[in-house]
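Here is how the chains run, residue by residue.
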Protein chains: 2
Amino acid sequence: MIHSKITKLFGIKYPIVQGGMVWVSGYKLAASVSNAGGLGLIGSGSMYPDVLRTHIQKCKKATDKPFGVNIPMLYPNIEEIIQIIIEEKVPIVFTSAGNPALYTARLKKHNITVVHVVSSVKFALKAQAAGVDAVVAEGFEAGGHNGREESTTFTLIPMVKEQLNIPLIAAGGIATGRGMLAAMVLGADGVQVGSRFAASKESSAHIDFKRRVVETSEGDTILTLKEIAPVRMIKNEFYGEIEAHNASGKSVEELKELLGKRRLKKGMFEGDLKDGMLEIGQVAGLIHSIETARDIVDAIVAEYLEVKKEL
Amino acid sequence: MIHSKITKLFGIKYPIVQGGMVWVSGYKLAASVSNAGGLGLIGSGSMYPDVLRTHIQKCKKATDKPFGVNIPMLYPNIEEIIQIIIEEKVPIVFTSAGNPALYTARLKKHNITVVHVVSSVKFALKAQAAGVDAVVAEGFEAGGHNGREESTTFTLIPMVKEQLNIPLIAAGGIATGRGMLAAMVLGADGVQVGSRFAASKESSAHIDFKRRVVETSEGDTILTLKEIAPVRMIKNEFYGEIEAHNASGKSVEELKELLGKRRLKKGMFEGDLKDGMLEIGQVAGLIHSIETARDIVDAIVAEYLEVKKEL
């Protein structure tokens, strides 16, 4: 057990949250992380409402520990998703990519713990004012959707910490026990780990995507699509097309056409490493094998305790 | 005293290097940092050879502790600068922005300790192969010139550490004792601090620039000029002109014209906060006052020891 404001808030053993990622985190991953003592999150962003309900029900059967659902608020069906979460009595919700004032009060009325994901000090304070129970501050190095401020984990965490009064979870670039300890030294009460769980055995991602993550080295990802919304992805052939588009001076409309609607599913779920979009964080360069969620949690905790002791 | 491979390599008390910055770090700053137990560096990038010689001579009179000179290798007069450094028996040289194979052997023949600044694992290993004594790995959040890989301190340090055998200094985003401890937890043997010393009393920067750094908040800097060479600066009126240029689809040649030759001096040395270029790191948001170099070193060391003890 590692005590912190985050373990207390969620009623968990270790202050390790598994990021709720599209095409990656279904009930299998979430329940495995929760069973291992962390907090597993179902990523609702890639699920139709009915699919989400099934995942929640299966998750409740697969673990008696706390778990949560991540809701990117820019997706459609948000109203329906909120309703399902309330009906199914999901204990914890992480909201992202939207205004935390919209659903926080309603969720909390149903005794749901609400956490909001931000990329800046300004939005951290807005989330706090909206009444959330904790904030995830996510740095520039994180995979997938990202903030326009481009503040890195190393600078964002202490700056948020200086002004925030509620518990703070660090995200972006964290995949190891050393990373967890460094984030806590910088002021975090817990960490959210995405990329390493995306490459775990229980992740719903395609095996070829997981192998690609393991092969990824320093410098192989990039924050791109800033004309639409910044996303960090692996520099594959599809990224080459984005680059060519940008060099050609074509319109944002044409970029949206190039992007299309199924790129993420294609890359991460179907394993099309060339034409698909491969979202992952910079920290992929530190991920060297595909492990079970329990082994990942255990390894992070063991390294955290060992390095702390050495100090 | 804090023992590490870096204090041993340089013969200093604390593993804190003051970054050698243009228009900021003359002999006054370098000698003050060295006298306080860190390693002060004279930034030669903004000095004519004769001016550099004078600064070295004055630095030797102002401190009996080790100090060094930073040489950005893309500047002209490099041959002359190397000659002066050898003649004046400067004990330590930090090279950056160029090929470490060019001068390392020659400098080391004169018993000079050589350190090279990199922004990627690849260049860290190249520097090691070139025979340098240590490497500075600098993350995306750092001020001024920066790498194209955009790897952040949080991910770059452990990735370099995995493969490097020689001592490693972390740079980018570090201004506090917590930052120093976090960097060491991630694998660094010491830290290089730039921005906080740029805003110190002994810094040669204009007082208005220092005040602007103190006022800077999270999200106020940006890595720009990527069409020429990436530079992190404050988003002031001049940056607005760069943005307008980029939106207009004008050529890189015209961007170079807009940039001109004196922007940095104008902003940092002459204090023109509107039309000058204001290089500083993201960590400026954590800098809240203009202090002496000794107070900065003392505060970093005190916080480092206190947080370490609390763990």
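The sections below set out a description of the structure shown in this document. Throughout, residues of each chain are indexed from 1 in the direction in which the sequence is written. Each chain takes a letter, starting from A, and each ligand takes a number, starting from 1, following the order in which they are written. With the structure being a predicted model, the display of local features is reserved for residues of pLDDT at least 70 and the display and counting of side-chain atom pairs for 80 or more, all residues being used for whole-chain, interface and lining totals.

Let us now look at the overall build of chain A. Think of it this way: any DSSP run of H or I at least four residues long counts as a helix, any run of E at least two long counts as a strand, and we number them from the N terminus. Along the backbone of chain A there are 14 helices and 11 strands. Projected onto its principal axes, the C-alpha positions of chain A cover 50 × 45 × 40 Å. Any residue with 12 or fewer other C-beta atoms within 10 Å of its own C-beta is exposed, any with 20 or more is buried, and the rest are partly exposed; the C-beta atoms used are placed from the backbone. Burial statistics for chain A: of 311 residues in total, 58% are counted as buried. A pair of residues counts as a contact when their C-beta atoms, built from backbone coordinates, are separated by no more than 7 Å. Summarising the internal contacts of chain A: among those between residues at least 6 apart in sequence, 64% fall at separations of at least 24.

Attention shifts here to the environment of E88 of chain B. Residues and elements named next belong to chain B. Here E88 lies in the loop between α4 (78–87) and β4 (92–96). Accessibility expressed as a C-beta count within 10 Å gives 15 for E88, which makes it partly exposed. Taking the C-alpha atoms as reference points, E88 and K226, separated by 138 residues in sequence, lie 37 Å from one another. The residues touching E88, leaving out its near neighbours within four places in the chain, are R53, I56 and Q57.

In this section: the interface of chain B and chain A. Contacts between the two partners involve 34 residues from chain B and, on the opposite side, 34 residues from chain A. Of all elements in the fold, only α7 (153–163), α8 (177–185) and α14 (293–310) of chain B reach the threshold of two or more residues within the side of chain B that touches chain A. Tallying contributions element by element places α7 of chain B first for the side of chain B that touches chain A, with six residues. When residue character is reported, Ala, Val, Leu, Ile, Met, Phe, Trp, Tyr, Cys and Pro are called nonpolar, Asp, Glu, Lys and Arg charged, and the others, Gly included, polar. The class makeup of the residues in the side of chain B that touches chain A is 15 nonpolar, 13 polar and six charged.

To continue, consider the pairing of strand β3 (residues 67–72) of chain B. Residues and elements named next belong to chain B. The element β3 is largely enclosed, with a buried count of six among its six residues. Residues of β3 alternate between two faces, with F67, V69 and I71 on one and G68, N70 and P72 on the opposite face, all of them buried. At least two bridges found by DSSP between two strands is the condition for calling them paired. The pairing of strand β2 (residues 40–43) with β3 spans four bridges and is classified as parallel. Bridging from a neighbouring strand, I42 pairs with V69 of β3. With the strands aimed away from the viewer, a crossover counts as right-handed if its path from the first strand over the helix to the second runs clockwise. In this region the chain leaves β2, passes through helix α3 (residues 49–62) and returns to the parallel neighbour β3; the handedness of that crossover is right-handed. With five bridges connecting them, β3 and β4 associate as parallel partners.

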